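So you can see what is in the structure, the chains are spelled out below.
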Amino acid sequence: MSRIWPWRNPAARDWTVALALLALGLADIAMHPHSKQFPDPLWANYAFLLAGALPLGLRRKAPATVAVLVVAAFTAWSITMYQPSQQSSFEAFLGMLAAFYILGADLVGRRQLVVTLAVVVCTIPSWLLALGYGNSPGDTIPALVFIGLAWTVGYVLRRRREQLAEERRRADRLAYEQGRLAAEAVMEERSRMARELHDVVAHGLSLIVVQAAAERRALAQERSSPEASQAVLEAVEKAGREALAELRLLLGLLRRPDEEPSLRPQPSLRHLDQVVDAARASGLDVELSLDPETLAALSAGLDLTAYRIVQECLTNVVKHAGARRVRIDVHRTARDLEVDVHDDGSGSGQGLPEGGHGLTGMRERVAMYGGSLQAGPTEAGPGFRVHARLPLTGPLTSSASPAGP
């Protein structure tokens, strides 16, 4: 599209300006040949016009060279073809404006200062010649003012472009940093979940290994068990040990090098009273609705996930929401475990609590079980609500879990 429409392409815009100035000059010379403005020889006027107009098309490639060539060509045209009582060529004046605009817009630093001074020196002879032929300073000062304005406009536009480019770079860096921090938060939360699940699964496998080993020994002592049963139990024990070793090897890589494995049991919904009491001690009025039957037959991982969601919601409310009351409702339906936390605060309590990553961590936990999470300000008045739905038969829950309480 930029090749079809010239003004979308910077190089095409430059050549459009150059050709427009050339066409204007050719038409002016053709309309006023052999005049005081374009005296004989006529070919010299065409030559100076071509030398001054065409370089403008190459402005992007060599702005300093183009500005010097344009000023030199039009200055030489004014000096060589000048006649008393002659009006200055309008095309030469436009070329001067374009050249000084290029100096302000395309050059920077010391190079801009040096080239601009050199170009100004080149124009001095033409102004002195005009004054020597009786032109008053009032005739030349407006032209100098317009030339200075052309340089100033170019300089201001260049500075504006640089500021916009710097703002875009800052925005890109900010977006990159935000994306990096979000990715790190996700990875760290996944690592935390993996460590917790490692402890949960490792505990279950350890029980399998211990029970299988005890049963094998009992059968061996009684000598009343068929050999086939003993072989099966040996296979169960061996498989359990191998699985436990591989699980520790793989998931243990997710632990930090300086972190010791936790020997404490993982928390569950049965421990919510401790979290609620801590929130109440901070002055928060917490109402907890948790049916004991809800805890029946929940997998350890699902139980832990629901506990962490409530824990992080309460931490957010205490630290950031400015709420006075919080209602927590944890219940089971036929297919899901639902967690609902509703506060009456400002709705801005989405900080990053210690040990977690706020909504980022909650979404990761819920997504791991194939559930859904809704979080946002409540429609009816102030407050913030977090609602999580965790399928009882999700990817990591046991398919043997009962459908209801």
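Everything numeric here is computed off the predicted structure, so don't read it as measured data.

Caption draft 1: Layout of the overall build of the protein chain. The helix and strand inventory of the protein chain stands at 10 helices and five strands. Among the 405 residues that make up the protein chain, the fraction classed as buried is 39%. In the protein chain, of all internal contacts separated by at least 6 residues, the share reaching a separation of at least 24 is 71%. Per element, the accessible surface of the protein chain, about 23100 Å² overall, is 60% carbon and sulfur.

Caption draft 2: Here's a closer look at the packing of helix α2 (residues 42–53) against helix α3 (residues 63–80). α3 packs onto α2 with a crossing angle of 160° between their chain directions and a minimal axis gap of 7 Å. By the angle between their directions, the pair α2 and α3 is classed as roughly antiparallel. Crossing of α2 against α3: the hand is left-handed. Seen from α2, the contacting residues are N45, F48, L49, A51, G52 and A53; seen from α3, they are L69, V70, A73, F74, A76, W77 and T80. Of the residues that constitute the contact of α2 with α3, the class distribution is 10 nonpolar, three polar and no charged.

Caption draft 3: Region of interest: the pattern of salt bridges. By the definition in use, this model includes 17 salt bridges. The residue E177 makes a salt bridge to R180 at a minimum N-O spacing of 2.5 Å. Note that E177 and R180 are positioned in helix α6 (residues 137–222) at a spacing of three residues, about one turn of the helix. On the basis of relative accessible area, E177 is assigned to the partly exposed category, the value being 33%. Judged by relative accessible area, which is 31%, R180 ranks as partly exposed.

Caption draft 4: Fine view of α3. Between its first and last C-alpha atoms α3 spans 25 Å; for 18 residues at 1.5 Å apiece the expected length is 26 Å, and the two agree. What α3 keeps buried is the set P63, A64, V66, A67, V70, V71, A73, F74, T75 and W77.

Caption draft 5: Structural context of the confidence of the model for the protein chain. Looking at the protein chain, the pLDDT average stands at 76 and 71% of residues meet or exceed 70. Under a pLDDT of 50 for its full length, residues 349–356 has, in the predicted model, 25 contacts with residues more than four places off or in other chains. In this model, residues 396–405 is a region of pLDDT below 50 whose contacts with residues beyond four sequence positions or in other chains number 25 contacts.

Caption draft 6: Inspection of the sheet that holds strand β5 (residues 384–391) at higher detail. Here five strands make up an open sheet; going across it, the order is β1-β2-β3-β5-β4 and the pairing mixed. Strands with a single pairing partner mark the edges of an open sheet, and in this sheet they are β1 (285–290) and β4 (372–377). Neighbouring strand axes in the sheet, compared pairwise and without regard to direction, differ in orientation by 5° on average. Against the sheet, helix α8 (residues 272–281) touches β1 and β2 (325–332), its axis set at about 165° to β1. Sheet strands in contact with helix α10 (residues 358–368) are β4 and β5, and its direction is about 155° off that of β4.

Caption draft 7: Fine view of the packing of aromatic side chains. Per the counting criterion, the structure on display carries three aromatic pairs. Taken together, a centroid distance of 6.4 Å and an interplanar angle of 90° make the contact between F93 and F146 edge-to-face. Residue F93 is located in helix α4 (residues 90–106), and its partner F146 is located in helix α6; the two are separated by 53 residues in the primary sequence. Looking at F93, the relative accessible area reads 23%, which means it is partly exposed. In this structure F146 comes out as partly exposed when scored by relative accessible area, which is 46%. With a centroid separation of 5.5 Å and 5° between ring planes, the pair formed by W151 and Y155 is classed as stacked. Highlighted residues: W151 and Y155, both in helix α6, separated by four residues, approximately one helical turn. Take Y155: its relative accessible area is 31%, and that puts it in the partly exposed class.

Caption draft 8: Here's a closer look at α2. Here α2 is 12 residues long and its end C-alpha atoms lie 17 Å apart, about the 16 Å a rise of 1.5 Å per residue gives. Packed against the buried residues of α2 are α1 (10–31), α3 and α4.

Caption draft 9: Molecular detail of a nonpolar patch on the surface. On the surface, a cluster of nonpolar side chains totalling about 410 Å² of accessible area is made up of W15, L19, L50, L54 and L58. Here L19 is to be found in helix α1.

Caption draft 10: Fine view of the packing of α1 against α4. With their axes 9 Å apart at the nearest point, α1 and α4 run at an angle of 165° to one another. Taken together, the axes of α1 and α4 lie roughly antiparallel to each other. Two packed elements cross with a definite hand, and for α1 against α4 that hand is left-handed. Residues L21, L24, G25 and D28 of α1 touch α4, and the partners they reach there are F90, E91, L94 and G95. Across the contact of α1 with α4, the residue classes tally to four nonpolar, two polar and two charged.

Caption draft 11: The arrangement of the side chain of T75 in detail. As for its position among the elements, T75 is in helix α3. Judged by its relative accessible area of 4%, T75 falls in the buried class. When sequence neighbours within four positions are dropped, the list of residues in contact with T75 reads M96, C122, T123 and S126.

Caption draft 12: Just the nonpolar core, in detail. One finds L314 and I328 to be the most contacted residues of the largest nonpolar core, which totals 34 residues. Counting residues per element, the ones that place at least two in this core are α8, α9 (300–321), β2, β3 (336–343), α10 and β5. Tallying contributions element by element places α9 first for this core, with eight residues. Once residues lying within four places of it in the same chain are set aside, the contact partners of L314 are V275, V276, A279, L284, V326 and I328. Core analysis: the second largest hydrophobic core is formed by 31 residues, I29, L42, F48 and L97 among them.

Conventions and cut-offs
- Every chain's residues receive numbers from 1 upward, in the order its sequence appears when written.
- Side-chain atom pairs in this predicted model are given and counted only at pLDDT of 80 or more, local residue features only at pLDDT of at least 70, and totals for whole chains, interfaces and linings cover all residues.
- For side-chain calculations, the full set of non-hydrogen atoms in the structure is used, while hydrogens and water are omitted.
- Where helices and strands are cited, they refer to DSSP runs of H or I of at least four residues and of E of at least two residues respectively, numbered from the N terminus.
- The buried label applies to any residue whose accessible area, calculated with a 1.4 Å probe on protein chains only, is under 20% of its type's maximum; exposed applies above 50%, and partly exposed to all values in between.
- The contact criterion used is simple: two residues touch if any of their non-hydrogen atoms lie within 4.5 Å.
- All accessible-area figures derive from a Shrake-Rupley calculation using a 1.4 Å probe, and residue coverage is judged against the displayed protein chains alone.
- For helices, the fitted axis covers only the stretch in contact; all axes are lines through C-alpha atoms, and the angles between them, taken along N-to-C directions, range from 0 to 180 degrees.
- For classification purposes, angles smaller than 35 degrees are called roughly parallel, those larger than 145 roughly antiparallel, those between 65 and 115 roughly perpendicular, and all remaining angles oblique.
- Each crossing gets its hand from how the near helix is turned against the far one by less than a right angle, where anticlockwise is left-handed and clockwise is right-handed.
- Asp, Glu, Lys and Arg are counted as charged, while Ala, Val, Leu, Ile, Met, Phe, Trp, Tyr, Cys and Pro are counted as nonpolar; the rest, among them Gly, fall into the polar class.
- Salt bridge, as used here, is a side-chain nitrogen of Lys or Arg placed within 4 Å of a carboxyl oxygen of Asp or Glu.
- Take the number of residues in a helix, subtract one, and multiply by 1.5 Å to get its expected span.
- Known as pLDDT, the predictor's confidence for each residue is given on a scale from 0 to 100.
- Strand pairing is assigned whenever DSSP identifies at least 2 bridges connecting the two strands.
- Aromatic rings from Phe, Tyr and Trp, taking only the six-membered ring of Trp, are treated as a pair when their centres fall within 6.5 Å; an angle between ring planes under 30 degrees marks them as stacked, one over 60 as edge-to-face, and anything in between as tilted.
- Residues with no salt bridge and a relative accessible area higher than 30% make up the patches, which join like charges within 9 Å and nonpolar side chains (Val, Leu, Ile, Met, Phe, Trp, Tyr) within 5 Å.
- Residues belong to a common nonpolar core when they are buried Ala, Val, Leu, Ile, Met, Phe, Trp, Tyr or Cys residues joined through side-chain atoms within 4.5 Å.

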